[in-house]
Amino acid sequence: MASGQAGYKARILAAFMVVFALWATVAIAGVNEDFLEAAKCGDLAAVKGFIANGADVNAKGNQGATALTNASLNGHEEIVQTLLDNGADINAKINDNGATALTNASSKGHLKIVQLLLTEGADINTKTNAGITALMFASYKGHKEVVQALLDKGADVNAKNNKGETALMSASMNGHKEIVQTLLAKGADVNAKMNDGKTALTVASEKGQKEVTELLIKAGAK
């Protein structure tokens with residue numbers, strides 16, 4: 001009988017431990033989501049509070065974003081600095097798309113955050129799951145100051161995404177003449193081809209970008 005009671009108590013204890021572990025996991029997940037949301041919304045005081053109370057600075061949310069990728073995407077420079085000062089992984093990638101803090105900041109034109117991340121050692125040529133670099137994002141969106149900052153720090157001007165598209169093609173199709181000039185001056189291959197054979201001149205022509213088309217022809221586009 002005593003043996004049976006001992007076994008029963010052991011089973012109860014084991015069940016309790018499982019329930020406790022599940023509760024703890026849910027509780028931690030909730031804290032992480034609140035922490036990530038604070039970084040996203042720009043609540044510096046809350047971010048500092050979470051860190052002071054032991055929050056995992058590299059915790060990931062449901063889609064794999066981190067506090068740093070959230071803050072970088074939304075332009076919260078002070079939070080980015082705080083996270084980096086507390087050990088945030090500067091090159092952590094979002095699970096869903098492979099974006100990093102640098103590609104996020106570049107896509108939105110947050111120059112100061114881009115400069116900060118580069119100074120702190122971010123991988124300048126990191127690519128998303130689609131093969132897109134920070135330079136491609138900035139070129140496509142027309143963020144000329146970010147483009148210049150990335151090139152000044154050695155970004156690969158001729159890197160290609162999964163479709164074979166370069167930063168020059170991205171800028172050309174959207175008519176960003178100044179960026180096209182900057183990229184060409186930094187050695188962009190004016191005749192580089194996408195996987196389907198299109199070039200910067202092709203995509204600029206298709207989009208009716210007359211000034212860019214003329215510029216590319218002067219630069220030796222075939």
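None of these values were measured; they are calculated from a predicted model.

**Regarding the packing of helix α5 (residues 101-108) against helix α7 (residues 134-141)**
Between α5 and α7, the least distance of the axes is 7 Å, while the angle of their chain directions is 10 degrees. Put simply, α5 runs roughly parallel to α7. Listed contacts from α7 to Leu102, Thr103, Ser106 and Ser107 of α5 are Ala134, Phe137, Ala138 and Lys141. Classifying every residue of the contact of α5 with α7 by side-chain character gives four nonpolar, three polar and one charged.

**Here's the deal with the nonpolar core**
Leu83, Leu117, Leu150, Leu168, Leu183 and Leu216 are the most contacted members of the largest nonpolar core, which totals 60 residues. Excluding residues that lie within four positions of it along the chain, Leu83 makes contacts with Phe35, Val47, Ile51, Val57, Ala67, Leu68, Ala71 and Ala88.

**Looking at the side chain of Glu165**
Mapped onto the elements of the fold, Glu165 is located in the loop between α8 (144-152) and α9 (167-173). Among buried charged residues, Glu165 stands out as having no salt bridge; its nearest opposite-charge side chain is Lys163, 6.1 Å away. The residues contacting Glu165, other than those within four sequence positions of it, are Met136, Ala159, Lys160, Ser170, Met173 and Met194.

**Considerations on α5**
The buried fraction of α5 amounts to seven of the eight residues, a majority that puts the element mostly inside the structure. The set of residues buried in α5 consists of Ala101, Leu102, Thr103, Asn104, Ala105, Ser106 and Ser107. Looking at the packing, one finds that the buried side of α5 touches α3 (67-73), α6 (111-119), α7 and α8.

**What to know about the packing of aromatic side chains**
Any pair of aromatic rings gets described here by the distance separating the centres and the angle formed by the planes. Applying the stated criterion across every chain yields a total of one aromatic pair. Ring geometry for Phe35 versus Phe50: centroids 5.8 Å apart, planes at 55 degrees, classification tilted. With Phe35 in helix α1 (residues 2-41) and Phe50 in helix α2 (residues 44-52), this pair connects stretches of sequence that are 15 residues apart. On the accessibility criterion, Phe35 (0% relative accessible area) is buried.

**As for the confidence of the model for the chain**
Overall, the prediction assigns the chain a mean pLDDT of 90, with 86% of residues at 70 or greater. Contacts from residues 15-29, a stretch scored under 50 in pLDDT, to residues over four places away or in other chains number zero contacts.

Reading guide: rules and limits
Residues numbered from 1 in each chain as written. Predicted model: local features only at pLDDT ≥ 70, side-chain atom pairs only at ≥ 80, totals over all residues. Heavy atoms only, no water. Axes fitted to C-alpha atoms, helices over the stretch in contact; angles between N-to-C directions. Helix = DSSP H or I, 4+ residues; strand = E, 2+ residues; numbered from the N terminus. Parallel < 35°, antiparallel > 145°, perpendicular 65-115°, else oblique. Contact = heavy atoms within 4.5 Å. Nonpolar A, V, L, I, M, F, W, Y, C, P; charged D, E, K, R; others polar. Core = buried A, V, L, I, M, F, W, Y, C linked by side-chain atoms within 4.5 Å. Buried < 20%, exposed > 50% of the residue type's maximum accessible area, 1.4 Å probe, protein only. Lys, Arg positive; Asp, Glu negative; His and termini not counted. Salt bridge = Lys/Arg side-chain N within 4 Å of Asp/Glu carboxyl O. Phe/Tyr/Trp six-rings, centres within 6.5 Å; stacked < 30°, edge-to-face > 60°. pLDDT = per-residue confidence, 0-100.

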